[in-house]
Amino acid sequence: MTRARARLRRTVSALLSAVLAGGIAASAVATAPAAQADSWRDKEYWLKEAGITKAWEVSKGANVKVAVIDSGVDGSHPDLKGVLAGGHDVSGAGAPNGEKSIGAKPEHGTLVATMLAGRGHQAPKKASSSAKPSPKATAAASKAMPDGIMGVAPEAQILSVSTWLGSENPGGKSDQDQIPEAVRWAVDNGAKVINISLGSTSPEWPQSWDAAFLYAEQKDVVIVAAAGNRVGGNVQVGAPATIPGVLTVAGLDRTGRASTDSSSQGISIGVAAPAEKLAGGLPGGSYAEWAGTSGATPIVSGVAALIRSKWPEMSAKQVINRIVSTAKDSGTPGKDPLYGFGVLNAEAALKDDVAETKANPLGSIAEWIRVHRRGNFATPAPEPTTAVPAPQATLPKATVPVAVPPSQLDSALPAAVVIGFGALFVAIIAAGAVQLRRVYRASGGGADEPETGAVTSVDPADRPS
């Protein structure tokens, strides 16, 4: 068991380091100066295509905290002004408030946060010698969407939980130690939704993660995780997206089909969302175009925040049920390993009548632990009882057979047999010798072959006269 756990520890640690949830595409980001913020906002095709702008008629995520467990979030980005409500570093190498960008892909957390809860910003006014704009023009301008990135839940708040992933952590803490600590901190600090845009190529997770994800389930927190990307090595969904009860997000290309590169497949997938040609903010105030389920995940987390804002008392399992049951079925009819329950439909998730569910459609970590980890937990010691001597079994007394001396008949018979056969043998030999002697004499004698010892017969007619 110890060797198996050690192997799993090394595997998960290495694989989590290699894949920032499909942040694979973030390694090829194309940056642009903040002056082009309005053009970057125009790239957010998913706001309309996924029904998010229609969902804003019902909710924009007010009063909901969403924890972003990632590489840190730059709260000074113009589109994140006033968005961060706190933070924490679990790596030992970041800033105490979780806002320092760290790890192999330091831009990753800010990209995720702007897509989830960015608020855009007002472009600076340009100097003009013309007359003042009319009141009608001013009113129209005030209603226009601001420049920059608008997140799916622009009125939600972000809790930044920084982790060091993708390379050796100077803080000394492993991936598997950081993740459960991050989940617990997020739950204890008021997160109603947790976004985990990171993953691995292993479907298994360390047993040390069980308690943290169980804690989140017991505290009624929605956890949304990335399925991972094929181009990053995730052919199959890996942990933590394989943990029961987690809402796992697959990726779509621009045609609405399962992305070949920016997604993976697996039975734990719950819903699919846009994952290609995404846009987000970078630390320092600039922007990037990127791809991967790392970006699809905050889109779904944002919708979860919209629901939790509209119905504050709704349970986490019901929030997840709303998202997956209103998704547009795609691919193979019914739930499948590429789209899960279907393609995200934010408007339907916020407006449709959905029957209440008694169970999370994506399972329960509590039930999984009960079934799969039961042999790994210590069995409670039995209550002390008064010792009662066990009754002694009654066995028959052992006996030894009495030796009986052999009779004279038993001893004489074998000897008589041996002697009788011996005499018979001698008689046969003697008779044979007599007979041979007679034959020899009758035939006139014989010749000995020299050095052979073998006797051959010689034709008597050949004898010399």
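This one's a predicted model, so the numbers in the text were calculated from it and none came from an experiment.

Cut-offs used in this document
Residues numbered from 1 in each chain as written. Predicted model: local features only at pLDDT ≥ 70, side-chain atom pairs only at ≥ 80, totals over all residues. Heavy atoms only, no water. Helix = DSSP H or I, 4+ residues; strand = E, 2+ residues; numbered from the N terminus. Contact = heavy atoms within 4.5 Å. pLDDT = per-residue confidence, 0-100. Pairing = 2+ DSSP bridges. Axes fitted to C-alpha atoms, helices over the stretch in contact; angles between N-to-C directions. Phe/Tyr/Trp six-rings, centres within 6.5 Å; stacked < 30°, edge-to-face > 60°. Buried < 20%, exposed > 50% of the residue type's maximum accessible area, 1.4 Å probe, protein only. Lys NZ or Arg CZ within 6 Å of the ring centre and 35° of its normal. Parallel < 35°, antiparallel > 145°, perpendicular 65-115°, else oblique. Left-handed = near helix turned anticlockwise from the far one by under 90°. Nonpolar A, V, L, I, M, F, W, Y, C, P; charged D, E, K, R; others polar. Core = buried A, V, L, I, M, F, W, Y, C linked by side-chain atoms within 4.5 Å. Expected span 1.5 Å × (residues − 1). Salt bridge = Lys/Arg side-chain N within 4 Å of Asp/Glu carboxyl O.

> Before we move on, can you summarise the environment of Gly109 with the specific residues and values?
By secondary structure assignment, the location of Gly109 is in helix H5 (residues 108-117). The spacing of Gly109 and Pro283 is 174 residues in sequence and 8.9 Å in space, taken between C-alpha atoms. Not counting chain neighbours up to four residues away, the residues in contact with Gly109 comprise Val68, Asp70, Ser71, Gly72 and Val73.

> Please set out the confidence of the model for the protein chain residue by residue, giving values where relevant.
Do not read the fine detail of predicted coordinates wherever pLDDT is low. Confidence in the prediction for the protein chain averages 80 pLDDT; 68% of positions are at 70 or higher. The model gives residues 30-35 a pLDDT under 50, and that stretch makes 12 contacts with residues more than four places away or in other chains.

> So what's going on with the sheet that holds strand E3 (residues 84-89)? Which residues, and what values?
Taken in spatial order, the 7 strands of this open sheet run E3-E6-E2-E7-E8-E9-E10, and their pairing is parallel. For this open sheet the edge positions go to E3 and strand E10 (269-274), each flanked by a neighbour on one side alone. Looking at each pair of strands side by side, their axes are set apart by 25 degrees on average, direction ignored. Of the strand pairs in this sheet, strand E2 (residues 65-70) and strand E7 (residues 193-196) are connected by 4 bridges, and their pairing is parallel. Within the sheet, the bridge partner assigned to Ala67 lies in E7 and is Ile194. Taken strand by strand, H5 contacts E2, strand E6 (157-162) and E7, and its axis lies near 155 degrees from that of E2.

> Can you explain the packing of aromatic side chains? Please cite residues and give values.
Enumeration over the complete set of coordinates arrives at 4 aromatic pairs. The interplanar angle of 15 degrees and the centroid separation of 6.3 Å between the aromatic rings of Trp40 and Tyr287 together place this pair among those described as stacked. You can see Trp40 sitting in helix H2 (residues 37-41) and its partner Tyr287 sitting in strand E12 (residues 287-290), a full 247 residues away along the chain. Here Trp40 matches Tyr287 in class, with each residue buried. Seen from the ring of Tyr45, Arg254 lies directly overhead, with NZ or CZ sitting 3.6 Å from the centre. Over the aromatic face of Trp311 sits the side chain of Arg322, whose NZ or CZ is 4.3 Å from the ring centroid.

> I'd like a description of unusual backbone geometry, backed by residues and values.
Put simply, Ala239 and Pro240 share a cis peptide bond, and its omega is 5 degrees. You can see Pro240 is positioned in the loop between strand E8 (222-226) and strand E9 (247-252). At Asn63, a position not held by glycine, the phi torsion is positive, near 65 degrees. Structurally, Asn63 can be placed in the loop between helix H4 (52-55) and E2. In this model, Lys277 sits at a positive phi of 55 degrees, which is unusual for a non-glycine residue. For Lys277, a relative accessible area of 52% puts it in the exposed group.

> With reference to specific residues and values, describe the packing of helix H7 (residues 175-188) against helix H8 (residues 210-218).
Where H7 meets H8, the closest approach of the two axes is 8 Å, and the angle between their N-to-C directions is 20 degrees. Comparing their axes, H8 and H7 come out roughly parallel. Seen along the crossing, H7 lies across H8 with a hand that is left-handed. Facing Ile179, Pro180, Val183, Arg184, Val187 and Asp188 of H7, the residues of H8 in contact are Ala211, Ala212, Phe213, Tyr215 and Ala216. Residue composition of the contact of H7 with H8, by class: 9 nonpolar, no polar and 2 charged.

> Which residues make up the nonpolar core, and what values do they have?
One finds Trp46, Ile52, Leu247, Val300, Val303 and Ile323 to be the most contacted residues of the largest nonpolar core, which totals 61 residues. The dominant element in this core, judged by the number of residues it contributes, is helix H9 (residues 293-310), at 8 residues. Not counting residues within four places of it along the chain, the set of residues in contact with Val303 comprises Val152, Ile323, Leu344, Ala346, Ala349 and Leu350.

> Help me get a handle on the packing of H5 against H9, residues and values and all.
Put simply, H5 and H9 touch, their axes get as near as 8 Å, and they point 35 degrees apart. As for how H5 packs across H9, the hand of that crossing is right-handed. In this structure, H5 contributes His108, Val112, Met115 and Leu116 to the contact, and H9 contributes Ser294, Gly295, Pro298, Ile299, Ser301 and Gly302. Residue composition of the contact of H5 with H9, grouped by class: 5 nonpolar, 5 polar and no charged.

> Would you mind going over H7 in detail, with residue names and values included?
Across its 14 residues, H7 extends 20 Å between first and last C-alpha, which sits within 8% of the 20 Å expected from 1.5 Å per residue. Counting buried residues along H7, 10 of its 14 residues qualify, which places the element largely inside the surrounding structure. Within the sequence span of H7, burial applies to Asp175, Gln176, Gln178, Ile179, Pro180, Ala182, Val183, Trp185, Ala186 and Val187. Where H7 terminates, the next one or two residues include Gly190, which has phi positive at roughly 95 degrees.

> So, the pattern of salt bridges: which residues are in play, and what are the values?
Applying the stated criterion to the full structure yields 10 salt bridges. For Asp210, the salt bridge goes to Arg373, with nearest N and O atoms at 2.6 Å. Here Asp210, found in helix H8, pairs with Arg373, found in the loop between helix H12 (365-372) and helix H13 (408-443); they are 163 residues apart in sequence, far enough to count as distant. By the burial criterion, Asp210 is buried, and Arg373 matches it. In this structure, the salt-bridge partner of Lys351 is Glu347, at a minimum N-O distance of 3.3 Å. Residue Lys351 and its partner Glu347 are located together in helix H11 (residues 346-351), separated by 4 residues, close to a single helical turn. Accessibility expressed as a relative area gives 33% for Lys351, which makes it partly exposed. Looking at Glu347, the relative accessible area reads 27%, which means it is partly exposed. Via salt bridges that share partners, Lys54, Glu57, Glu347 and Lys351 belong to a single interconnected network.

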